[in-house]
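As a plain string of letters, each chain reads:
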Amino acid sequence: MYDLQQLFSQLKKLTLNRNTQPEQAATIEELIKLSQDYDGHKRENAVLRLGMMGDPVAIPCLIIRVNDWVPQVRDAAVKALSKLMVDENVEAFIQCLPQVYHLQDCHRANHQDVILQVETLLLTDTNRGHLLAAVQSANSYIARLCLNLVIEHQVVDAQTLLPMAFASKDVLVRAHAFRWSSVHYPQVLEKYYLSLLNDKFMPIRKASLKNLLMATYSAQVAEKGLVDRHSSVRELAVKHCLAKGNDVVAFYREHLTKGSSTKAAIWGLGYLKCVDALDKIKCFYQHGAPSLRKQALNSLLKLDSHNSKAYLLNGLKDPSPSVCKESARLIVKTRGYLNAKALMDIICGSDHPHTARACVALSHQINKWERVVFLLMLMSNEQVVSMFDEGQIKSELANWGDDYNRSFIQPTQAQIYEIRVLMAGVPATRFSEHFHSFAHVLKTLAIH
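The shown structure was predicted, so the numbers you read here are calculated from the model rather than taken from an experiment.

Before going further, it helps to examine the confidence of the model for the protein. Chain-level pLDDT for the protein is 86 on average; 89% of the residues reach the 70-or-more range. In the model of the protein, helix α1 (residues 2-18) stands out as the element of lowest mean pLDDT, 54, in contrast to helix α12 (residues 171-184), which has the highest, 95. Note that pLDDT drops below 50 for residues 18-26; the model gives that stretch eleven contacts with residues more than four away or on any other chain.

All right, on to helix α26 (residues 368-379) then. Count 3.6 residues to each turn of an α-helix, and residues three or four apart come out pointing the same way. Between its first and last C-alpha atoms α26 spans 16 Å; for twelve residues at 1.5 Å apiece the expected length is 16 Å, and the two agree. Judged by how many residues are buried, α26 sits mostly within the fold: twelve of twelve residues are covered. The complete set of buried residues in α26 reads Lys-368, Trp-369, Glu-370, Arg-371, Val-372, Val-373, Phe-374, Leu-375, Leu-376, Met-377, Leu-378 and Met-379. Between a side-chain oxygen at the N-terminus of α26 and the backbone nitrogen of Trp-369 the separation is 2.8 Å; the capping residue is Asn-367.

Turning our attention to the packing of aromatic side chains. A full pass over the atoms with the stated rule returns seven aromatic pairs. Summarising the aromatic geometry, the rings of Phe-166 and Tyr-192 are spaced 5.7 Å apart at their centres and angled 65° between planes, so their arrangement reads as edge-to-face. With a gap of 26 residues between them, Phe-166 in helix α11 (residues 158-166) and Tyr-192 in the loop between α13 (186-189) and α14 (193-196) connect regions that are remote in the sequence. Looking at Phe-166, the relative accessible area reads 13%, which means it is buried. An angle of 70° between the planes, with centres 5.6 Å apart, marks the rings of Phe-251 and Tyr-252 as edge-to-face. Looking at Phe-251, the relative accessible area reads 11%, which means it is buried.

Attention now moves to the nonpolar core. Ranked by size, the top nonpolar core spans 134 residues in total, and within it Leu-62, Leu-81, Tyr-252, Leu-316, Phe-374 and Leu-378 carry the most contacts. Of all the elements, α26 adds the most residues to this core, at nine residues. Beyond its immediate sequence surroundings of up to four residues, Tyr-252 is in contact with Leu-226, Arg-234, Val-238, Ala-264, Ala-265, Trp-267, Gly-268, Leu-269 and Leu-272.

So, on to the environment of Val-421. For Val-421, the location among the structural elements is in helix α29 (residues 413-423). Separated by 45 residues in sequence, Val-421 and Leu-376 have C-alpha atoms that sit 9.6 Å apart.

Scanning the model with the defined rule gives twelve salt bridges in all. For the salt bridge of Asp-228 with Arg-205, the shortest nitrogen-to-oxygen distance reads 2.8 Å. Linking Asp-228 in the loop between α16 (219-226) and α17 (231-243) with Arg-205 in helix α15 (residues 202-215), this pair joins segments that are 23 residues apart in sequence. A residue is classified by how much of its surface remains accessible, and Arg-205, at 2% relative accessible area, is buried.

On to the environment of Arg-74. Its place among the elements puts Arg-74 in helix α5 (residues 71-83). By relative accessible area, Arg-74 is classed as buried at 14%. It is 9.7 Å that separates the C-alpha atoms of Arg-74 and Arg-43, two residues lying 31 residues apart in sequence. Ignoring any residue separated from it by four or fewer positions in sequence, one finds Arg-74 in contact with Arg-65, Val-66, Asn-67, Asp-68, Trp-69, Arg-108 and Ala-109. Polar side-chain contacts of Arg-74 include one of 2.7 Å to the backbone oxygen of Asp-68.

Reading the values: the criteria
- Residues numbered from 1 in each chain as written.
- Predicted model: local features only at pLDDT ≥ 70, side-chain atom pairs only at ≥ 80, totals over all residues.
- Heavy atoms only, no water.
- pLDDT = per-residue confidence, 0-100.
- Helix = DSSP H or I, 4+ residues; strand = E, 2+ residues; numbered from the N terminus.
- Contact = heavy atoms within 4.5 Å.
- Expected span 1.5 Å × (residues − 1).
- Buried < 20%, exposed > 50% of the residue type's maximum accessible area, 1.4 Å probe, protein only.
- Polar contact = N/O pair within 3.5 Å; in protein donor to acceptor, adjacent residues only side chain to side chain.
- Phe/Tyr/Trp six-rings, centres within 6.5 Å; stacked < 30°, edge-to-face > 60°.
- Core = buried A, V, L, I, M, F, W, Y, C linked by side-chain atoms within 4.5 Å.
- Salt bridge = Lys/Arg side-chain N within 4 Å of Asp/Glu carboxyl O.

Shown next, in the form of structure tokens:
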């Protein structure tokens, strides 16, 4: 009896393997899995069955199968997807809009009809409310696509759409709505300029400020621009106020002691070259807030350019990574040259790992042989090496090797002598193959 049951079980398995009828897939999860099978017949039957079940959970997998490599599966998927295009499933299609529009980039067949069917479903009178609500979707891609549809097909007027679009957390949704309304509905957009001065996206704030200042002069609007968090907006406001004959310098002097606008005031006094404010700005260079120290550094370079190098070197040793990074950026911008010894002196004079990392980054600006001297100095200093992990040192050695042939400059005699001396003090075993490769390049030039 047991043998008969076992034989029956085996025959049943063989039958199931041979038959590819989707009815045998009991659940939608099994059908979705079957729609990914290597066998085209199984995929075709699975997607047809998914269409008959009518469950919106299947929509994402059916969209994938619309671009299947087998024509019959593609046709079956299109038919199945058409059956699911009903009002009850509109939210599911909205969530799948990025995948639907991805079909435009899939070229196994022309999928424009499928995309058009989905758009038609979303644009019906009963579903337009869902489409409009999705403009504020947490998913940025969905929000952008829905906004495009709403604008392209004029689902609602600008007065209804703009407050929804400007309330979106996605910057591209707000920017697109701003550009579109500025071209087609500038009079409607005028109502939002004042509130858009608080937008997080600088170009929107700048454009709003520009239009407000052009339309009618308002001291409050101009002052708001003078203390904006972005220098580009502040610069626009400064130029406008100067053209109107306003005392911008006095304004910024007054705001030096106002916490929320102190940073803008430091910038303004530097931008306007107020040399008599130098001592006050120097005080902010020692301030406890890194953002104020960073802004003070920028202004000091404009007001006291003779001592710019000292300010920048001190900035590299600042306890704040952001101030250190800004100093390194300004050194590169001003083409400041720091040789290997100067970089090592800065590293050794600071206890901050971010200073060491900034100096290593700056070493990429010096010529390749001076950089060799710097790397050897770094590797022979136990205290400095401890600030890095082994992978970072190996990466620098590898980067030097990659950059080696980009310049044909030859080492000076002083550099050759220094490299030879330093090579003897580097524990080569620590950096294994990377150091050996590095040393081999030097040996080709008789430096060992």
